[in-house]
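Residue strings, one per chain:
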Amino acid sequence: MASRWERLFDSVGHFGRFQACVYFASAFQAISCGIHYLASVFMAVTPKFVCSVPGNVTSILFSNSSSSRIEDIWTLWTSTKNYIVVQLENGEIWELDQCSRSKREGSLYLAYEYSGNKSVFSCSDGYIYDHTKWKSTIVTEWDLVCHREWLAKLTQPTFMLGVLLGAVIFGDMADRVGRRYIMWFTSTGQFLFGIAVAFTFDYYSFVIIRFLLAMVSSGYLVVVFVYVTEYVGIKARTWASMHVHAFFAVGVMVVALVGFLVRTWWIYQIFLSVTTLPFVLCCWMLPETPFWLLSEGRYEEAQKVVNVMARWNKVSTPCKISELCSIQQDDLVRCRTGDNDTSTAKKHSILDLFYNWHIARRTITVWLIWFTGSLGYYVFSLSSVNLGGNEYLNLFLIGAVELPAYVVACIGMDKLGRRNTLTPFLISSAVICALIMLIPQDFSILSVLANMAGKFAIGVAFGLIYLYTAELYPTVIRSLAVGSGSMMCRVGSIVAPFCVYLTSVWIFMPQHMAKRKIAVVGAGLIGLSTAVYISESISKCSVTVISDKFTPNTTSDVAAGMLIPHTYQGIPIHQQKQWFRETFDYLFEINNSSEASDAGINLVSGWQIFKTIPDEVLPFWSDVVLGFRSMTEEELKKFPQHRFGQAFTTLKCDCPSYLLWLEKRLKGNGSQVYARRIEDLWELHSKYDIVVNCSGIGSRELMGDLEIYPVRGQVLKVDAPWVNHFIRDGDGLTYIYPGIHNVTLGGTRQKDNWSLSPDPRSSKDIFDRCCALEPSLQRAQDIKVRVGLRPSRLAVRLQKEILVHDGKNLPVVHNYGHGSGGFSVHRGTAKEAARLVGECIAALEGSSLKAKL
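Below you will find a few notes about this structure.

Some remarks on the environment of H642
Thought 1: Inspection of the secondary structure assignment puts H642 in the loop between α28 (633-636) and β13 (644-653).
Thought 2: Separated by 88 residues in the primary sequence, H642 and G730 place their C-alpha atoms 9.6 Å from one another.
Thought 3: Apart from residues no more than four positions distant in its own chain, H642 is found in contact with I609, F610, K611, L636, D729 and L773.
Thought 4: Of the polar contacts made by the side chain of H642, one reaches the side chain of D729; its length is 3.1 Å.

Following this line, the structure appears as structure tokens:
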């Protein structure tokens, strides 16, 4: 009979002005369905947290950082295995873990590591949460962490269970009482239950109200598909029904936008629910569908609707329902008087979907597609906020990518057919799922792009399966096939959240395994720069810097910090030039950024002067620095004792500032810093996979390397702000280096001298030599003396070594022995050390794989 009624669209139009208004008004409410389906991704966020303490906190210690406020610690928190040490007003010292807390017995000093007795307690005083991103979530509201964590993870599956029941209940009711009344009820329910969720008083009332919200949201989404289908003619039905999904996708995008703007869960929920209000206020104006009215025998009402459609669509002679009825009159009479009594008509059941092998195989295939389509759709959507980067932008893009997917689906169905469109996109979505497992976790942009590609592919497949299923079955079991497929779809949506949660339990593929732990020994310029480069270039590792001395007590704090390279014997010049170029380019980039002041980096121009013409008039680094040239005769007149000179511009660094900047950058990358003296690298074997030795002069004892020796350097730091150009004597012993905060005067180069005490005679000699080059330094004030021991070696030790002890191996990468030229090549040698660390990681993973095989 339905095919006969389809003729009315030939009369009033398949998608005229009336259908457009009805379509967009009713489909608009699908936005709210998308909103409520995905609202929990931000509402149930679990922030960083630790146990609370029974008292007022006076001091807090995390790793090597201390604070009086716990809010300052969250930026350094990188793992659930971390803990915080706090001291209370009464002097008690507590270790705070996520799900327990320990009171140190007999401890009087606040230190991070402690091996004494502890008393372990539960978190009976609640938890302390990181409110940096979210002021409040349902997790922080009702402490859904630790032993109650499973309750937070049930919020989305219980919602999807409501979606399942709502689709069944309201789909059946729409056939009984009409589409319009169900749309009124469910849209009003979305608004009322959505607002009610924001005012729930505990977790259980929250879940119950959300369950009811899921039922009405699902009910509306099911009925609106039928509603728009019955108002749109067959010529436009494919595009119209398909793009109801697009409104759902817009709802997902709204969730991302509101989540970004509102960070308190109940206010967030209210804002999301208010989007339903416009439709609630006008939904009573929507008419019932003529198809449903005709199926109920309400011909006069159906005729009124058809007349309104014709008037809006500017059709002068609308179709008469009586004419359509007369066409079927003979059939209707025969149905009432003939042998085929309707009372004896066969009632169909789910078994009819398996009445022969051909149909059974088709049913199983269709059910699998419905299940996997829904599973993939919600897994891609729910997991988007866990991919790294900006979670709000990720979710927005995951919603936005659906819009072109439905356009492609429509075009594909028209041009290629249903199967030829469905098959490649289903296969591609599966391939993308496999590829996502291969992407390292730190490659957030690549992960987001792959997730978007997967969502696009599954969106095309999931969008067309509705229509494809209806076309695959005979008329008598068509509704049953679509209904059962929809049931499998809901099962997939229930399972999807658990698939997302499994990422915290087990993820297949090597790069998602535990990160390799790297210990960098030494916190001078070489140690920190190497640790920073490793943490930024190798995604599958965690870096910890261990040293007994940190700035301002390192040798690097005394360094002049001038970017003029020293020549190393035994190392090819091209290699030294590469190290210098990489260091210069890196510091030059910092100099041109907003971080130049914090890092203590600035450009400085000046002269390098010689008493005799050097053998190398054009040094290997001349094309790396800026504006290198020979000095003019006029310039040389300033230095009458010198016959030749070179003018150029290079970079100067205030080393204490630079070390602090490197340490801050390192901690910002999630790395740890510990103050501890290492007597033997084997002390680190139990906790770390690879050790990077940047201990400088300490390697003489630590590694027994007798090739390294100290070269004592003594410099003066003076206040002479009028000095703007550097001056360096060609022998490298006398130099004047103006910096951001002071001017460095040098220096001495005393081999095998271990003394760190200032020598007054050396200070006077340095000052006199520098004043001979720049007489105005006689007026310098605030003169300070600094002494350091340069870790010198015939050649920089930059190599791998495997330490063996009791049949166990410890990979070690050495990076030390830079002497007076360390600052000029520190970034280049850090890059080389990181490459060696990468080789060690590859070797470890290779041996691990062989062991498993």
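Describing the pattern of salt bridges
Thought 1: The full count for this structure, using the stated rule, is 28 salt bridges.
Thought 2: One network of salt bridges, with partners in common, ties together K800, E832, R835 and E839.

Some details on the sheet that holds strand β9 (residues 516-521)
Thought 1: Overall, mixed pairing links the 6 strands, which are arranged β14-β10-β9-β15-β23-β22 in an open sheet. Two strands close off the open sheet at either side, each with one partner strand: β14 (672-675) and β22 (797-805). The sheet shows a mean angle of 25° between the axes of neighbouring strands, taken without regard to direction.
Thought 2: Where β22 and strand β23 (residues 808-816) come together, 9 bridges link them in antiparallel fashion. By the bridge assignment, L798 is partnered in β23 with N815.
Thought 3: Its contacts with the sheet place helix α25 (residues 525-537) against β9, β10 (541-547), β15 (690-693) and β23, and it is angled at close to 170° to β10.

Considering the packing of aromatic side chains
Any aromatic ring pair is given by two values, namely how distant the centres are and how the planes are angled relative to each other.
Thought 1: All chains considered together, the criterion is met by 37 aromatic pairs.
Thought 2: Plain terms: the ring middles of F248 and Y377 are 6.2 Å apart, the flat faces sit at 55° to each other, and that makes the pair tilted. On the criterion of sequence distance, the pair formed by F248 in helix α12 (residues 244-261) and Y377 in helix α19 (residues 357-383) is long-range, its members being 129 residues apart. As far as burial versus exposure is concerned, F248 and Y377 are alike and both buried.
Thought 3: Consider the rings of Y735 and Y737, whose centres lie 4.6 Å apart with planes at 15°: the pair is stacked. The pair formed by Y735 and Y737 is uniform in burial state, with each residue classed as buried.
Thought 4: One aromatic cluster is present, built from ring pairs that chain together Y37, F159, F248, Y377, Y378 and F462.
Thought 5: A cation sits over an aromatic face here: R827 above Y586, 3.7 Å from the ring centre.

Calculation notes
- Residues numbered from 1 in each chain as written.
- Predicted model: local features only at pLDDT ≥ 70, side-chain atom pairs only at ≥ 80, totals over all residues.
- Heavy atoms only, no water.
- Helix = DSSP H or I, 4+ residues; strand = E, 2+ residues; numbered from the N terminus.
- Contact = heavy atoms within 4.5 Å.
- Polar contact = N/O pair within 3.5 Å; in protein donor to acceptor, adjacent residues only side chain to side chain.
- Salt bridge = Lys/Arg side-chain N within 4 Å of Asp/Glu carboxyl O.
- Pairing = 2+ DSSP bridges.
- Axes fitted to C-alpha atoms, helices over the stretch in contact; angles between N-to-C directions.
- Phe/Tyr/Trp six-rings, centres within 6.5 Å; stacked < 30°, edge-to-face > 60°.
- Buried < 20%, exposed > 50% of the residue type's maximum accessible area, 1.4 Å probe, protein only.
- Lys NZ or Arg CZ within 6 Å of the ring centre and 35° of its normal.

Keep in mind these numbers describe shape, not what the thing actually does.
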